[in-house]
Amino acid sequence: MYLTENIKKVVLRMEKLYDSPINVISDKTQLSRPTINKFFKLQPIRPSSIETIYELCLDLIEEKEQKRTDNKKRVEQLFSEA
């Protein structure tokens, strides 16, 4: 089971990285928006739903951070050659 403290960290990070994290998760899963919303509000939901949302959030955070890192490298590369 996931620790509430870790879920809070994931939720905060998702809210910083995405304008509508609930929409993003809803589009990538078959979970309902109310279920996802409960996860973000730290309300009880089925353990399988917690796992699905939590793991997807980690993937999305990692993906977004990788994209930021790649873009930073691209900027450095583009403007260092000029």
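All of these numbers come straight from a predicted model, not from anything done at the bench. (Residues numbered from 1 in each chain as written. Predicted model: local features only at pLDDT ≥ 70, side-chain atom pairs only at ≥ 80, totals over all residues. Heavy atoms only, no water.)

(A) Fine view of the packing of helix 1 (residues 4–17) against helix 4 (residues 47–80). Close contact between helix 1 and helix 4 brings their axes to 10 Å; oriented N to C, the two are set at 45 degrees. When the axes of helix 1 and helix 4 are compared, the pair comes out oblique. The chirality of how helix 1 crosses helix 4 is left-handed. On the side of helix 1, the interface is formed by N6, I7, V10, R13, M14 and L17, while helix 4 contributes I50, Y54, C57, L58, L60, I61, K64, E65 and R68. Partitioning the contact of helix 1 with helix 4 into residue classes produces 10 nonpolar, one polar and four charged. (Axes fitted to C-alpha atoms, helices over the stretch in contact; angles between N-to-C directions. Helix = DSSP H or I, 4+ residues; strand = E, 2+ residues; numbered from the N terminus. Parallel < 35°, antiparallel > 145°, perpendicular 65-115°, else oblique. Left-handed = near helix turned anticlockwise from the far one by under 90°. Contact = heavy atoms within 4.5 Å. Nonpolar A, V, L, I, M, F, W, Y, C, P; charged D, E, K, R; others polar.)

(B) Just the confidence of the model for the protein chain, in detail. Taken as a whole, the protein chain shows an average pLDDT of 95; of its residues, 96% reach a score of 70 or greater. Here helix 4 stands out as the element of the protein chain with the lowest mean pLDDT, 95, in contrast to helix 3 (residues 33–40), whose mean of 98 is the highest. (pLDDT = per-residue confidence, 0-100.)

(C) Quick look at the nonpolar core. Within the largest apolar cluster, 21 residues are counted, with the highest numbers of intra-cluster contacts made by M14, I25, F39, F40, I53 and C57. Those elements giving two or more residues to this core turn out to be helix 1, helix 2 (21–28), helix 3 and helix 4. Counting residues per element, this core draws most heavily on helix 4, at seven residues. Apart from the residues lying within four places of it in its own chain, the contact partners of C57 are V10, M14, I25, F39 and F40. (Core = buried A, V, L, I, M, F, W, Y, C linked by side-chain atoms within 4.5 Å. Buried < 20%, exposed > 50% of the residue type's maximum accessible area, 1.4 Å probe, protein only.)

(D) Quick peek at helix 1. In this model, helix 1 (14 residues) spans 20 Å end to end at C-alpha, consistent with the 20 Å of a helix rising 1.5 Å per residue. Looking only at helix 1, the buried set comprises I7, V10, V11, M14 and L17. Projected onto a plane normal to the axis of helix 1, the buried residues spread over an arc of 135 degrees and lie on a single side. Across helix 1 from its buried face, at more than 90 degrees, point the exposed residues K9, L12 and K16. In this fold, the buried residues of helix 1 make contact with helix 2, helix 3 and helix 4. (Expected span 1.5 Å × (residues − 1). Arc of directions from axis to C-beta.)

(E) Fine view of a negative patch on the surface. Together, E51, E55, D59, E62 and E63 make up a region of like negative charge exposed at the surface. For E51, the position within the fold is in helix 4. (Patch = residues over 30% accessible without salt bridge, like charges linked within 9 Å, V, L, I, M, F, W, Y side chains within 5 Å. Areas by Shrake-Rupley, 256 points an atom, 1.4 Å probe, with all protein chains shown as cover. Salt bridge = Lys/Arg side-chain N within 4 Å of Asp/Glu carboxyl O. Lys, Arg positive; Asp, Glu negative; His and termini not counted. Charge placed at Lys NZ, Arg CZ, Asp CG, Glu CD.)

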